[in-house]
Amino acid sequence: MEGSEAIAEAMVAAGCRFFAGYPMTPFTEILERMAEFLPPVGGVCMNAESELEAIGMAWGAAATGARAATGSTGQGLALMQESISEMCTARIPLVVINMGRGQGDYFQATRGGGHGDYRTPVLAPSTVAEAVELVPVAFELADAWRNPVMLYGDYYLGHTSQAVEVPDLVTAGGEAKPWALDGSTGGSGQAKLLSSLGEAKQRDGVGYDLAEHLERAGAAMQAMSAGVEPRCDVGHCDDADLVVVAFGTIGRFVRWVVKELRSEGYRVGYVRPITLFPFPRDAVIEAARGAKSVAVYENNLGQMIDDVRLSVLGSCPVEFIGGLSMDSSGFGVGSEIDAPKIRARILAELERVEAT
Amino acid sequence: MSETELVGQRVVLRTDRRPDNATLVDDFTPDLVDVGAHHLCPGCGEPIAIRSAVECIAELGAVERTISVFGIGCYTAFSNNLDVEVLQALHGRAPSLATGVKRMRPDALVLTVQGDGDMVNEGLQEVLHAAARGENITCILLNNGVFGETGGHITSTTVLGQRTKNTLDGRDPERDGYPILIGDLIASMGGSAYVARGAVNDAGNVARTRRMLAAAFETQERGEGFSFVEILTMCPTGWFIETHEAPDYLADVLAGTHQIGVLKGGSR
């Protein structure tokens, strides 16, 4: 099954019943598949007039308690930033499928470009099978923490075909959501309010108090940041002189190259962060213990390297060995995403480290 | 609670003095507004418009299945002051949220409340596409021709010649362009089923606007598609005039361009 189809099928299996999107490569196929898969299960897929409306529609659907999702690629997600941050403050769950062009949107995904103090957990699968495994995790995290959660893939993930099994989830739909709107509390004297400005009604003699609400939303965000378990794939780091850190599609290539180099006796290991936020800081620290150097390989000009440096905090040198791999399309494919070339860069770095 | 008297053949609501049997603000407040006092300026038309909307919801018997989506403006003061369910949207974005709500809860009565800055400036695309889709929701526009909350700045519905804080000598079409007649625009679209423009500057217009709101909600209840009620509201603060001058200013200035009446559908 192709990655986009598998992700869409996994979303429906995880109980997603609303999707809205605007076509953009390499996200388009997710939208196509959701338009195909949702109506037969009683769900709704909207072809929104822009990414602004796509996330707005998903926001409205999520407010009714439905498992809802949207997505795009970096440019479209740039348009969604205001809504993502506002939904964090309003504490509304959402899954955002980010099919990136290359890995240049790491900062956008992990820091966000919206206003205020907010964070979104980011899951970065490297294979179709892992994506299928992480899709229900994304919905569960979103519901559990009442916060948007991002699944960050790329062109390769969306267009790679792999044999996978999408499990049917009996729990799909999640827990009851007492905050969700259905209109029924109208006239009760306690009508629900779902707002980024606060939950206190004027009748309580309080009204909107942003100082109080932002403190509470901030505390929830911090609890989420501490409570979401970082995920990481680590290999061959015990006696490694060089530890290579890479995520997503690139992480898959790096893992393969490192295993090959190990079989030839080179003292090299890898760390592949699966959650980009929260970043698997402890795993990186542990992997780098005893290493002479840490190398970071990304298909961008160096973004995750900041998180690696913030993890090891100067206890170990951290060097960037990645770089852009683009063809004329700008979709983040290109000749550098090639195991022999990645092997050559890792080997060159290992030789440099061993020589110093 | 309000007093009426017979003037000639017409029953007239007395608004020039307090009814004898009411002493507190709450005595004038409909059940679905939680607290009588609000922080909007004296002479503001928005509370009358919102009161009218919630009274229509009550009359329709839809209180326990209404979900309202609020934009950002002065009227947001009511988003946490109603006893109907409220979803707060970003500035300009209420129609897309309402779309998601309605698609997942087709049996709910779903309405948006936005101002002219919110709907016609920031979110014009949202409301036009919702209308074009024939989305079965009701969008309410509170149109006073200024950004009231920021202190009286030009919006897309400010009429020619109208003084605002950043058009001190009046809106000049050479420099500032022309106002958008949003109601007329929406009425021209295929997906809109009911479109009307009312006002709250006098009792007659309030009564007429209430009939428009009722017709819009009934349009949604019958599943006929997009319904839209534009309500001209007074903003003496943003118009830089005396409070008591605002109703006439609305009639003479705003309603001269944004003409009151049913623009599409319905018999009312």
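All values reported here derive from a predicted model rather than from experimental measurement.

Participant: I would appreciate a short explanation of the overall build of chain B in the present structure.
Facilitator: Secondary structure assignment for chain B yields 9 helices and 11 strands. Each of the 268 residues in chain B was classed as buried or not, and the buried ones make up 54%. Considering only residue pairs separated by 6 or more positions, chain B has 66% of its internal contacts joining residues 24 or more positions apart.

Participant: Looking at this model, I keep getting lost on the nonpolar core. Mind explaining?
Facilitator: One broad trend across soluble globular proteins is that nonpolar side chains are buried collectively. Residues and elements named next belong to chain A. With 199 residues, the main nonpolar core has A58, L94, A138, V243, V244 and V294 as its most contacted residues. When residues in this core are grouped by element, the largest group, 11 residues, is from helix α6 (residues 128-145). Apart from the residues lying within four places of it in its own chain, the contact partners of V244 are V254, V258, V268, Y270, A295, Y297 and I346.

Participant: Quick question: what am I supposed to make of the packing of helix α10 (residues 281-288) of chain A against helix α11 (residues 304-312) of chain A here?
Facilitator: Angle between the axes and distance between the axes: these two values describe a pair of packed helices. Residue and element names in this part refer to chain A. Following both chains from N to C, one finds α10 and α11 inclined at 70°, their axes separated by 9 Å at the closest point. On the basis of the axis angle, α10 is roughly perpendicular to α11. Of the two possible hands of crossing, α10 and α11 adopt the one that is right-handed. Along the contact surface, α10 presents R281, V284, I285 and A288, while α11 presents V308, S311 and V312. In terms of residue class, the contact of α10 with α11 is built from 5 nonpolar, 1 polar and 1 charged.

Participant: Would you mind showing me how to read the sheet that holds strand β11 (residues 275-277) of chain A here?
Facilitator: Within a sheet, each strand pairs with its neighbour through backbone hydrogen bonds, oriented either parallel or antiparallel. All names here are of chain A. The 7 strands lie next to each other as β2-β1-β3-β4-β6-β5-β11, forming an open sheet whose pairing is mixed. In the strand order of this sheet, the two ends are held by β2 (44-47) and β11, each with one partner. Docked against the sheet, α6 engages β1 (16-21), β3 (67-72), β4 (94-100), β5 (122-123) and β6 (148-154), running at close to 160° with respect to β6.

Participant: Can you help me understand the interface of chain B and chain A in this one?
Facilitator: One frequently used descriptor of interface size is the decrease in accessible area upon assembly of the parts. Listed per partner, the contact involves 33 residues of chain B and 40 residues of chain A. Broken down by secondary-structure element, the contributors of at least two residues to the side of chain B that touches chain A are β3 (66-70), β4 (85-88), α2 (94-104) and α4 (124-132) of chain B. Examining the composition of the side of chain B that touches chain A, we find that 8 residues originate from one element, α2 of chain B, more than from any other. Its residues placed into classes, the side of chain B that touches chain A shows 14 nonpolar, 10 polar and 9 charged.

Participant: I tried to follow the domain arrangement of chain A on my own but got confused; where do I start?
Facilitator: All names here are of chain A. Partitioning chain A into structural domains gives domain 1 (3-159) and domain 2 (232-355). Centre-to-centre, using C-alpha coordinates, domain 1 lies 27 Å away from domain 2. Counting residues at the interface gives 25 residues for domain 1, matched by 24 residues for domain 2. The set of elements that each furnish at least two residues to the side of domain 1 that touches domain 2 consists of α5 (106-110), β5, β6 and α7 (155-159). The greatest single-element share of the side of domain 1 that touches domain 2, amounting to 4 residues, is contributed by α5. Of the residues belonging to the side of domain 1 that touches domain 2, the class tally is 12 nonpolar, 10 polar and 3 charged.

Participant: Explain unusual backbone geometry to me, please; I cannot follow it from the model alone.
Facilitator: Leaving glycine out, the prevailing phi sign among residues is negative, and the prevailing peptide bond configuration is trans. Residue and element names in this part refer to chain A. In this structure, the amide linkage connecting T25 to the following residue, P26, adopts the cis form with an omega of 0°. The residue P26 is located in the loop between β1 and α2 (28-37) in this model. Residue P278 follows F277 across a cis peptide bond; omega there is -5°. Mapped onto the secondary structure, P278 falls in the loop between β11 and α10. The backbone of R146 sits at a positive phi, close to 50°, despite the residue not being glycine. Inspection of the secondary structure puts R146 in the loop between α6 and β6. Owing to 19 C-beta atoms within 10 Å, R146 belongs among the partly exposed residues under this scheme. You will see that L313, though not glycine, has its phi angle at about 50°, which is positive.

Participant: Sorry, what's going on with helix α8 (residues 210-227) of chain A here?
Facilitator: Residues three or four positions apart in an α-helix share a direction because the helix packs 3.6 residues into each turn. All names here are of chain A. Spanning 18 residues, α8 covers 25 Å between terminal C-alpha atoms, matching the ideal 26 Å at 1.5 Å per step. Where α8 is concerned, the buried positions are A217, M221 and M224. On an axial view of α8, the arc spanned by its buried residues comes to 55°, and they lie on one face. Along α8, the residues that are exposed and aim more than 90 degrees away from the buried face are A211, E215, A219, Q222, A223 and A226. Contacts made by the buried residues of α8 are with α4 (74-90) and α6.

Participant: Would you mind showing me how to read the pairing of β2 of chain A here?
Facilitator: Note on strand geometry: in a regular strand, side chains alternate between the two faces of the sheet. As judged from the 4 bridges shared by β1 of chain A and β2 of chain A, these two strands associate in the parallel manner. By the bridge assignment for β2 of chain A, F19 of chain A is matched with C45 of chain A.

Participant: Before we go on, may I ask you to explain the environment of A214 of chain B in this structure?
Facilitator: Residue and element names in this part refer to chain B. Looking at where A214 falls in the secondary structure, it is placed in helix α7 (residues 203-221). Measuring from C-alpha to C-alpha, the distance between A214 and V120 comes to 23 Å, with 94 residues separating the pair along the chain. Residues contacting A214, with those up to four places away along its chain left out, are C56 and E59.

Cut-offs used in this document
- Residues numbered from 1 in each chain as written.
- Chains lettered and ligands numbered in written order.
- Predicted model: local features only at pLDDT ≥ 70, side-chain atom pairs only at ≥ 80, totals over all residues.
- Helix = DSSP H or I, 4+ residues; strand = E, 2+ residues; numbered from the N terminus.
- Buried ≥ 20, exposed ≤ 12 C-beta atoms within 10 Å, placed from the backbone.
- Contact = placed C-beta atoms within 7 Å.
- Core = buried A, V, L, I, M, F, W, Y, C linked by C-beta atoms within 7 Å.
- Axes fitted to C-alpha atoms, helices over the stretch in contact; angles between N-to-C directions.
- Parallel < 35°, antiparallel > 145°, perpendicular 65-115°, else oblique.
- Left-handed = near helix turned anticlockwise from the far one by under 90°.
- Nonpolar A, V, L, I, M, F, W, Y, C, P; charged D, E, K, R; others polar.
- Pairing = 2+ DSSP bridges.
- Domains from an automatic or database assignment.
- Expected span 1.5 Å × (residues − 1).
- Arc of directions from axis to C-beta.

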